[in-house]
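The residues making up each chain are set out below.
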Amino acid sequence: QKEVEQNSGPLSVPEGAIASLNCTYSDRGSQSFFWYRQYSGKSPELIMFIYSNGDKEDGRFTAQLNKASQYVSLLIRDSQPSDSATYLCAATGFQKLVFGTGTRLLVSP
Amino acid sequence: DVKVTQSSRYLVKRTGEKVFLECVQDMDHENMFWYRQDPGLGLRLIYFSYDVKMKEKGDIPEGYSVSREKKERFSLILESASTNQTSMYLCASSLPREGENYGYTFGSGTRLTVV
C-alpha cells in the first residue's frame, strides 16, 4: 500500500511566523505532489503543486520537494489566523492521487 | 470558473433507505472520484471512474455502488443506508494523466447523517 504520511498536529504558530508543514511518501514512482487546504466543514482546495526537485513559490506559500529523501514540505510565510486549517498532502499514485491524513495548523493572533 | 457540484449539502436518511448522491462537473473531465472523510481517517476512496460507463473500486467500496451514464455526472448509491455510513462525502474530478499535473477539483461535499 503506497502511503503519504503527515503529522496530524496541531501545529501552533503565532501570527506573522513561518509555518512549516511536512510530508513523506513511500512510492518512489510518484511524479507530482499537491498541497490542499481544508477549512473545517469545507472541501479541500488546491493551493500548490510541485513536480521538480527544489522550491516553488507562490505568494506567501513555498512548496519544497526532495525526491531522494521522498519528502515534501509547505512553508507559509507571514502566517495569518485565516491560514488556520487542515493541510492535506497528496502524491500521484497508480491511476489516482494518494492523500495523507492532513496536518492541522492553528495560527494565533 | 470550473465547478464540481454536489446536489445536497446536508442529507438525513433513515437506516435501510436507498440513497443517491449526485455529482456534476462542467470541466469536461474524464476522471471522477467519490471519497468519504471521517475524523482521524482522512480521505478514503470509495469508487472512481475514468470514462462513461466504467468504474473501479477504491479502498472501501462495500455497501456502495456508482453510476456514470454521462461524462459530466457521477452518482454514488448507498444500497441500504446504515449508521456507519454517516460521513462527509466528497466528489472530485480531474483530467487524465497528462504531463505532470492532474490535481483534483473537489465539490463542496455532502454531509450525510443516517439515523
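You'll find the structure just up there.
Attention here is on the structure that accompanies the text. (Residues numbered from 1 in each chain as written. Chains lettered and ligands numbered in written order. Predicted model: local features only at pLDDT ≥ 70, side-chain atom pairs only at ≥ 80, totals over all residues. Heavy atoms only, no water.)

## Structural notes on the pattern of salt bridges
All names here are of chain B. Applying the stated criterion across every chain yields a total of 10 salt bridges over all chains. Between Arg73 and Glu22 there is a salt bridge, and its shortest N-O distance comes to 3.8 Å. Here Glu22 lies in strand β3 (residues 19-25) and Arg73 lies in strand β8 (residues 73-78), a separation of 51 residues in the sequence. Using a relative accessible area of 23% as the deciding quantity, one classes Glu22 as partly exposed. (Salt bridge = Lys/Arg side-chain N within 4 Å of Asp/Glu carboxyl O. Helix = DSSP H or I, 4+ residues; strand = E, 2+ residues; numbered from the N terminus. Buried < 20%, exposed > 50% of the residue type's maximum accessible area, 1.4 Å probe, protein only.)

## Some words on the state of the cysteines
On inspection of all chains with the given rule, the structure shows 2 disulfides over all chains. Across the disulfide, Cys23 of chain A is cross-linked to Cys89 of chain A (sulfur-sulfur distance 2.1 Å). For the disulfide bridge between Cys23 of chain A and Cys89 of chain A, the dihedral angle about the S-S bond is near -70°, and by the sign convention the bridge is left-handed. Note that Cys23 of chain A is positioned in strand β3 (residues 19-25) and Cys89 of chain A in strand β9 (residues 85-92), a separation of 66 residues in sequence. What pairs with Cys23 of chain B in a disulfide is Cys91 of chain B, and their sulfur atoms sit 1.9 Å apart. Negative torsions about the S-S bond denote left-handed disulfides, and the value of about -75° found for Cys23 of chain B with Cys91 of chain B makes this one left-handed. Note that Cys23 of chain B is positioned in strand β3 and Cys91 of chain B in strand β9 (residues 87-94), a separation of 68 residues in sequence. Take Cys23 of chain B: its relative accessible area is 0%, and that puts it in the buried class. (Disulfide = S-S within 2.5 Å.)

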